[in-house]
Every structure is written in structure tokens, then in C-alpha cells.
Amino acid sequence: MQAWPRLLTAVLGLLCGARAHLNLFVSQAEVMKLLGLSAELYYVRDGVVNIYAMNFVVPVPAHITDLEFSWQALTRAPLPYAWSFVYDNHDALRPPELDIPARGLVPAKVQTFRVRFPCSGSMSAEVLVLMQLNVSLYNDSALSFRRNKICLKETSSPRNESVRVDSSLITSSGTFYVAVACACLMILLVVAVASLVYVKSKKARAQESLHADYNSAAYGSNQNVFPRLDALGPSSGGSATGSSSPRYCSVAGDDHSLHVYATPAPRFSPSPAVSQVALHDPRLVDPTQRLKDLSVDRQNIELLSVLHEGTFGRIFLGSFLHNQRKVEVIVKTVSDQASKFQISLTLAEGTMFHGLSHKNLLSVLAVNTDNPKQPLVVYGYCNKGNLKRFLQSSRLGEQHCALLTQDLVDMGLQVVLAMTYLHARGVCHKDLAARNCAVNDKLQVKVADSALSRDLFPADYYCLGDNENRPIKWLALESLASKHFTAASDVWSFGVLLWELTTLAQQPYAEVDPFEMADYLRDGYRLAQPLCCPDELFALMACCWFTAPEERPAFSQLLSCLQEFYTALGRYI
């Protein structure tokens, strides 16, 4: 008879399974601080574990040290717990600290406690921390919480992780042209007396760089070089695509100086009339009419499997009955936790391309709002999915195809074609990035809207205390400082997208605190030239990041420049 209680206990344990006998959540204020979302985040509600929330990696910016959690036991009997922390970079992060005992009993009433992540200040790094909570009653249940803590090196000297462009280049390129012309003349004299062997070897190295394999092990281990450039800019001559004459610049490090030779940056005619035109934003227009035009019956949409899931958004692989035949599609919708604002934002952003049609644009096909709390937005299907995730998997060697420079330039060209089309129709994207593009197995790229991006890529968005989540590190300086968006601000974002392509979706300005980005850009710092990125391509990126919007190239100019560079790459094959 004594075996019955033990058997009953085992059966209850099996029935609980995914239950943890407590509530554990993050308050609305804490979620707003970390993710810029106005909602509570429940990890365990009434004893049921939120699996998707547990698998979500929450970014912790450099300026945030303490995190808050709230919990409460749901059992009459005492509920023992034990906290532990696992991370591998002990040089950047000291052991996390709790303001409650590491072992004890979960309180019967709601209690808030804090976890501190103290950075050492000795180095800059992103540290993935695994927080594990073990609770036990009938069986042992382990809950794991993932946090990505950004630590910055404490130093009084200027940061040298990114390129600092001289102010004469940023505000006006004329002075730089004169200075570099003299340098070019000296270089031409050196080239004139150089040996034929040197020229041939240099050309061979150039060809090798132009066709670098972006899936190589060397690239994966060292993606970026972070010098501080005290003098940098275009040459005094050349066309929009640059010329073959070299450029001379001095690269100053913390305790050394070296000289490098590179191809000159492209020179573009200022186009204030084009760059300053105020394009309209379809997201700010009432989407009611768009929803009516796109409305279809629910029976025409079938949800097959979940592709991506965030805190309040979901993306499904599905099928859609279109013109009497079923086609594969992707379907964006929201979860039960989505607020009315998040639902309306998804619909406004998801339908912003209604009425637009281009081979490099991922236009919306249909919308169903039979369930107003979970509307369905239908798009065409790209079998390689999100471009950012595709690039990241390529960097990790998970894709069968090896990406070469020509492939990446072609992807950039396709984005330019889509943006040229959007601007011609007066549409400002305002969030151009790899995460908002899709790609198929033929490397055809389609620019998409930004619906659900804040939820699916939370590390790319930051709230600077104004209750608005923005892609801070993709924004032009004027967009960041005064929320001013034009064709030129989209060009700036395209420069960052090019950088994403050539780094296989590394995080831009990973070492910079979001609150310091505006000052960082004003001081002249920009993203550095990635390893294996040709000088011509990086020079094009740099032109997109001029501080003065009228000095940035228009997309029509970028199209001409990239087409010529793509053709030049083909000559080496």
C-alpha cells in the first residue's frame, strides 16, 4: 500500500510535464526598457511554460546593467529553486549577481528580484548568458533564459573600432580632391618606375580579392578591420564609377601609422533636387481601403508550418488559392499576446506596397481579417527566406553555394532596382536592411516591407526613451537626429545593407551604444571596410554615408556604378 503514494506522485509529475508550478514574467516597464514594446512578457503563466519566449534571446544594451523579473509560487507546499549562470567570456563579463539567494523557496506572493550583469570594462564583446532556474516539486523542471549582454571597453581614448572620416570629406569633397591629387601624382611617379613583375603580381592579387570566397574560414574568423582614418576621400578626378588611378591615405592606429593604397572613391554630382525630395510613407495612410482591395476569403489561405516566431508575431509557410490554382506563399500574422497597436501596425506596414509591382519587390497578395485579433497578410514565396538569415547561414557554412563578390554585387544591384522603382512612385521605405529582403535559390532578391521586423529581429531595433522602436544603426544622421526621411536617407540605409552583404550579415556598429550613435556619426565615424571587400565597393558604401544628404548619390547613380563594377568583375572570369 505504501507504493501507491509514490505511484500517484509519479503520475502527477508526468501529467504536469510542461508545467513549472509558478508564474514568472517581466513587467511592462522592463519590456519597454529592453525591447521598446508596451506589454508584459510571461515566461510561465499559471504554471504553463511559454516555449517560444524561453527560446528568445533578449539583447541587453551596454547602458543596462540590471534586469528585473517577477515571480510567484502556485503551490501550497514550499517550492524550492536554484539559479545558475553559464557564459564563456569571463574576460568581458564578471559573474552575474542576484539580489536574492541563489537557492531558496519561491515566494507565495508576487515578488520582484534583480539580476546584475557587471561588465569588466577590459574589452568590448557580446556575451551570451544562459540563466538557468531549477524548480522541483513532483519532478525536476529546468527553465533556461538567454540574454545577450553587450559589454564595452572602458577607455578614455577615442574608439578605433570604426572608420573615422575626416570632416573635410563629410561636409565637402572639394578640399579633399585637391589634397589627394598631389598624392596621386607622387604615386604615379612611383608606379612609373615599378617593375613589370610587381605590376603583374599586384593585378593577380586584385583579381583574387575581387573573386574572394565569402564562405572561407579566414573570412569567418576575421570579418572586419577597424582603423581610424585621419584622411580619406575621393580622388580629384574620375567618373561616377571611379578610375584605375590609386588613392593614398594615412591610417593611424593607437600607437602606429601605416600607409595604404586603394582605388579612389566614386565621384557623384550633387543632386539636392533628387535627394531632398520628401517621399510619402504609405504606413501613415489609413489602410482601410487597401484592406478592402486585398480582402479574400479565409478558405483560400492554408497555414502549413511556422517559419519564424517572435514575441507577438508569426510567419507561416502556407498555400493560397490564386487564379484558380494553389501557390506557395508566406503568411504573416500575430500571436494571442499582440496588442491592438501591434495588430494595426502589422496591417499598415504589411500593405504598404499594395498597388506596386516589380520583379525585385515582395508585394502583398492578399489579406484576411475575419479574425480581427489575428489577421493574415499573404506574400509571394521565396524558398531561401529572409536575406539576413540566409547570409548568416552562409557565413556558418550551412548553404551549399559559395557566395562570391559578383553574387553579392548582383544582390545589391537588385535592391537598387527595387528602390529606384519605389522612389519613382514617391514611396520612402525608411527601413531598408537585409532583414527586410527575401531571397530564393537563384539568388533573386526581393525588397519587402518592415512588418514584424521589430519582433523577429529585436536586436536591430532600439528605443531611445521616446516609446518608438527604430533601426538606429541603419538610419541616416538626419533621420536619427530629427526623424527626417528622404530619398537620401534611404541611400544611407542602402550603404549599410551593402556592408551587411559583404560581411554576411554581421551587426553594424556592434560596439557602439545606441544612445551614442548620433554623436558617433557626428564625430565622423563610419563602418569599416570588411575583409575581402574590394576597394571600389567600399568606396561606394562610403559615398552613401556623407553627412550632407545632397552629396550622397541617387539610386540611379548607384545603379550605373554597380552595373559597371559588376561588368568589370565578369571580365576576370
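Residues numbered from 1 in each chain as written. Predicted model: local features only at pLDDT ≥ 70, side-chain atom pairs only at ≥ 80, totals over all residues. Heavy atoms only, no water.

Visitor: Sorry, what's going on with the overall build of the protein chain here?
Guide: When you go through the protein chain residue by residue, the secondary structure sums to 18 helices and 25 strands. Across the 573 residues of the protein chain, 51% fall into the buried class. Taking the intrachain contacts of the protein chain between residues at least 6 apart in sequence as the baseline, contacts between residues at least 24 apart amount to 71%. Of the accessible surface of the protein chain, which amounts to about 26200 Å², a share of 55% is contributed by carbon and sulfur atoms. (Helix = DSSP H or I, 4+ residues; strand = E, 2+ residues; numbered from the N terminus. Buried < 20%, exposed > 50% of the residue type's maximum accessible area, 1.4 Å probe, protein only. Contact = heavy atoms within 4.5 Å. Areas by Shrake-Rupley, 256 points an atom, 1.4 Å probe, with all protein chains shown as cover.)

Visitor: For this particular structure, what's the right way to read the side chain of lysine 473?
Guide: Within the fold, lysine 473 resides in the loop between β24 (469-470) and α14 (477-482). Side-chain polar atoms of lysine 473 contact the backbone oxygen of tyrosine 509, separated by 2.7 Å. (Polar contact = N/O pair within 3.5 Å; in protein donor to acceptor, adjacent residues only side chain to side chain.)

Visitor: I keep staring at the sheet that holds strand β20 (residues 376-380) and nothing clicks. Help me out?
Guide: What holds strands together in a sheet is hydrogen bonding between their backbones, with the strands either parallel or antiparallel. Strand order in the open sheet formed by five strands is β16-β17-β18-β20-β19, with antiparallel pairing between adjacent strands. Each edge of the open sheet is held by one strand with a lone partner, namely β16 (301-309) and β19 (364-368). The mean angle between the axes of side-by-side strands here comes to 30 degrees, regardless of whether they run parallel or antiparallel. For strand β17 (residues 313-322) and strand β18 (residues 325-334), the ladder comprises 10 bridges, and the chain directions are antiparallel. Note that in β18 the partner of arginine 314 across the bridge is threonine 333. Across the face of the sheet, helix α10 (residues 340-350) comes into contact with β18, β19 and β20 while running at roughly 30 degrees to β20. (Pairing = 2+ DSSP bridges. Axes fitted to C-alpha atoms, helices over the stretch in contact; angles between N-to-C directions.)

Visitor: Any chance you could explain the environment of leucine 480 here in plain terms?
Guide: Mapping leucine 480 onto the fold places it in helix α14. Leucine 480 has contacts with Leu464, Arg470, Ile472, Leu475, Met517, Ala518 and Leu521, leaving out every residue within four places of it along the chain.

Visitor: When you look at the packing of aromatic side chains in this model, what are you seeing that I'm missing?
Guide: Each aromatic ring pair is specified by the distance between its two centres and by the angle formed by the two planes. Under the definition given, this model contains 14 aromatic pairs. Summarising the aromatic geometry, the rings of tyrosine 43 and phenylalanine 145 are spaced 4.9 Å apart at their centres and angled 85 degrees between planes, so their arrangement reads as edge-to-face. Of this pair, tyrosine 43 sits in strand β2 (residues 41-45) while phenylalanine 145 sits in strand β11 (residues 140-151); the two residues are 102 residues apart in sequence, bridging distant segments of the chain. With a centroid separation of 4.8 Å and 55 degrees between ring planes, the pair formed by tryptophan 71 and phenylalanine 113 is classed as tilted. Placement of tryptophan 71 in strand β5 (residues 66-73) and of phenylalanine 113 in strand β9 (residues 111-116) is noted, with a sequence separation of 42 residues between them. Pairwise contacts between aromatic rings join Tyr43, Phe69, Trp71, Tyr81, Trp83, Phe113 and Phe145 into one cluster. The ring centre of tyrosine 42 lies 4.0 Å from the NZ or CZ of arginine 45, which sits over that ring. Across the ring face of tryptophan 474, the terminal group of arginine 435 is positioned such that the distance to the ring centre comes to 4.2 Å. (Phe/Tyr/Trp six-rings, centres within 6.5 Å; stacked < 30°, edge-to-face > 60°. Lys NZ or Arg CZ within 6 Å of the ring centre and 35° of its normal.)

Visitor: Is there a simple way to think about the nonpolar core in this case?
Guide: Ranked by size, the top nonpolar core spans 70 residues in total, and within it Leu387, Leu391, Met411, Val415, Phe494 and Trp545 carry the most contacts. Of all the elements, helix α12 (residues 405-424) adds the most residues to this core, at 10 residues. With residues up to four places along the chain from it excluded, the contact list for methionine 411 reads Leu387, Phe390, Leu403, Leu443, Val445 and Leu501. Listed in part, the 40 residues of the second largest apolar core include Met54, Phe56, Ile64 and Leu79. (Core = buried A, V, L, I, M, F, W, Y, C linked by side-chain atoms within 4.5 Å.)

Visitor: Explanation requested: the state of the cysteines in the structure shown.
Guide: Scanning the model with the defined rule gives one disulfide in all. Paired through a disulfide, cysteine 119 and cysteine 151 show a sulfur-sulfur distance of 2.0 Å. Torsion about the S-S bond of the cysteine 119 and cysteine 151 cystine: about -75 degrees, corresponding to left-handed handedness. Note that cysteine 119 is positioned in the loop between β9 and β10 (125-136) and cysteine 151 in strand β11, a separation of 32 residues in sequence. Judged by relative accessible area, cysteine 119 falls into the partly exposed class, the value being 21%. Of the residues examined, cysteine 151 reaches a relative accessible area of 1% and is grouped as buried. Cysteine cysteine 533 is unpaired, with the sulfur of cysteine 532 as its nearest cysteine sulfur at 9.1 Å. Of all cysteine sulfurs in the structure, the one in cysteine 543 sits closest to cysteine 561, which takes part in no disulfide; the separation is 7.8 Å. Given the relative accessible area of 6%, cysteine 561 is considered buried. (Disulfide = S-S within 2.5 Å.)

Visitor: In this structure, what is going on with the pattern of salt bridges? I would like to understand it.
Guide: Oppositely charged side chains can pair when the atoms bearing their charge come close. In the structure shown here, the tally under the stated rule is 14 salt bridges. Residue arginine 116 pairs with aspartate 66 through a salt bridge whose shortest N-O separation is 2.8 Å. Separated by 50 residues along the polypeptide, arginine 116 in strand β9 and aspartate 66 in strand β5 bring together distant segments of the chain. Lysine 332 is the salt-bridge partner of aspartate 449, the closest N and O atoms lying 3.5 Å from each other. Of this pair, aspartate 449 sits in the loop between β22 (445-447) and α13 (453-456) while lysine 332 sits in strand β18; the two residues are 117 residues apart in sequence, bridging distant segments of the chain. (Salt bridge = Lys/Arg side-chain N within 4 Å of Asp/Glu carboxyl O.)

Visitor: It is not clear to me how the side chain of aspartate 490 should be interpreted in this structure. Could you clarify?
Guide: Checked against the element boundaries, aspartate 490 lands in helix α15 (residues 487-503). Summary of buried charges: aspartate 490 has no salt-bridge partner, and the nearest side chain of opposite charge, arginine 283, is 7.0 Å away. Of note is the side chain of aspartate 490, whose polar atom sits 3.0 Å from the backbone nitrogen of histidine 429. What aspartate 490 contacts, discounting residues up to four positions off in sequence, is Met419, His423, Cys428, His429, Lys430, Leu432 and Phe555. (Lys, Arg positive; Asp, Glu negative; His and termini not counted.)

Visitor: Can you walk me through the sheet that holds strand β1 (residues 22-26) in this structure?
Guide: The six strands lie next to each other as β3-β2-β1-β5-β9-β7, forming an open sheet whose pairing is antiparallel. Strands with a single pairing partner mark the edges of an open sheet, and in this sheet they are β3 (48-49) and β7 (97-98). Of the pairings in the sheet, the one linking β1 to β2 comprises three bridges and is antiparallel in character. Looking across to β2, one finds that valine 26 is bridged to leucine 41.

Visitor: Can you help me understand the pairing of β17 in this one?
Guide: Residues in a regular strand point their side chains to alternate faces of the sheet. Burial within β17 is extensive, with seven of its 10 residues counted as buried. One ladder, built from seven bridges, connects β16 with β17; its direction is antiparallel. Following the sheet pairing, glutamate 302 is matched in β17 by serine 319. Between β16 and the antiparallel strand that follows it, β17, lie three residues.

Visitor: Would you take a moment to explain the confidence of the model for the protein chain for this structure?
Guide: Note: predicted coordinates in regions of low pLDDT should not be interpreted at a detailed level. Overall, the prediction assigns the protein chain a mean pLDDT of 77, with 73% of residues at 70 or greater. Ignoring residues within four places in sequence, the model shows residues 156-161, a span with pLDDT below 50, making 13 contacts including any to other chains. Contacts of residues 166-182 to residues separated by more than four positions or lying in other chains number 34 contacts, the stretch itself having pLDDT below 50. (pLDDT = per-residue confidence, 0-100.)

Visitor: What's the story with α12 in this structure? I'm lost.
Guide: Since the α-helix packs 3.6 residues into each turn, any two residues three or four apart lie on the same face. Counted at 1.5 Å a residue, the expected span for α12 with its 20 residues is 28 Å, and the 28 Å between its end C-alpha atoms agrees. Counting buried positions over the 20 residues of α12 gives 15, a clear majority of the element. Phi turns positive one or two residues past the end of α12, at glycine 426, with a value near 75 degrees. (Expected span 1.5 Å × (residues − 1).)

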